[in-house]
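Structural overview
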Amino acid sequence: MMRFIRIFRFFKSDCDKVEHIRLGRTVESTVFEVVAFAIIIATWILAIWMYRHAPESIPTHFDLQGNPNNEGSRLVILIMAGVSTILTALLMACAYVPTYVVNPPSKLENFRQYVLASRMVRIIALLMALLFMSVIFMMCYPESPVPKYLLISLTAMNVVVAIVFAIMIKMARTR
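**Some details on helix α2 (residues 27–53)**
- Between its first and last C-alpha, α2 extends 39 Å over 27 residues, near the 39 Å set by a 1.5 Å rise per residue.
- Along its buried surface, α2 packs onto α3 (75–94) and α4 (111–140).

**Description of the pattern of salt bridges**
- Applying the stated criterion across every chain, the model contains two salt bridges.
- Its salt-bridge partner being E28, residue R119 comes within 2.6 Å of it at the nearest N-O pair. Residue R119 is found in helix α4, and its partner E28 is found in helix α2; the two are separated by 91 residues along the sequence.
- When the shortest N-O distance is used, the salt bridge between E56 and R74 registers 3.4 Å. One end of the pair, E56, is in the loop between α2 and β1 (57–62); the other, R74, is in the loop between β2 (68–73) and α3, and 18 residues separate them in sequence.
- By relative accessible area, which is 17% here, R74 ends up buried.

Basis of the calculations
- Going along each chain's sequence as written, the residues are numbered from 1 onward.
- Where totals are concerned, whole chains, interfaces and linings use all residues; where local detail is concerned, this predicted model gives features only for residues with pLDDT of at least 70, and gives and counts side-chain atom pairs only at 80 or more.
- Hydrogens and water molecules were not included; the side-chain quantities draw on all heavy atoms of the structure.
- Helix and strand definitions follow DSSP, with helices as H or I runs of at least four residues and strands as E runs of at least two, each counted in order from the N terminus.
- What a helix is expected to span follows from its residue count: subtract one and scale by 1.5 Å.
- Contact criterion: two residues are considered in contact whenever any of their non-hydrogen atoms come within 4.5 Å of each other.
- A pairing counts as a salt bridge when a side-chain nitrogen of Lys or Arg comes within 4 Å of a carboxyl oxygen of Asp or Glu.
- Residue exposure (1.4 Å probe, protein chains only): buried if accessible area is under 20% of the type maximum, exposed if over 50%, otherwise partly exposed.

Written out as structure tokens, the structure is:
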């Protein structure tokens, strides 16, 4: 696992100076990974079902109001599911070394800050997986208002999670 993470050395930040902090597998991390796996499986089931029932040409791009403004092949559905799988898996793997993904406003100095940063990465991974699932649904049913509101709310939740956890990480600093 650590060999895989070493590929991302260019994401290193000043927080990596604390060498003695190592995050291992916990019940919480296992639950997050199981939920992520379930979302990925659900995304693939949805994508394959949508691919089989979609017309040859589907909307692939939307404006800010959610109206389709570009069309493409239905193969994009499977590509989106693949991107979702890769992104979710990478974020879940990088949650064990959160300083490769997170650039916190303050230096990570203690174990509590590392745990919070790791939890933030895992929550964002789950939200991103759900976001991709709603994009796949929106490509097949562009007239439905549900995916539009889901996209807006999931994007807002990503921003809120990042802000709230940045504050929590800063407050968990040792003085």
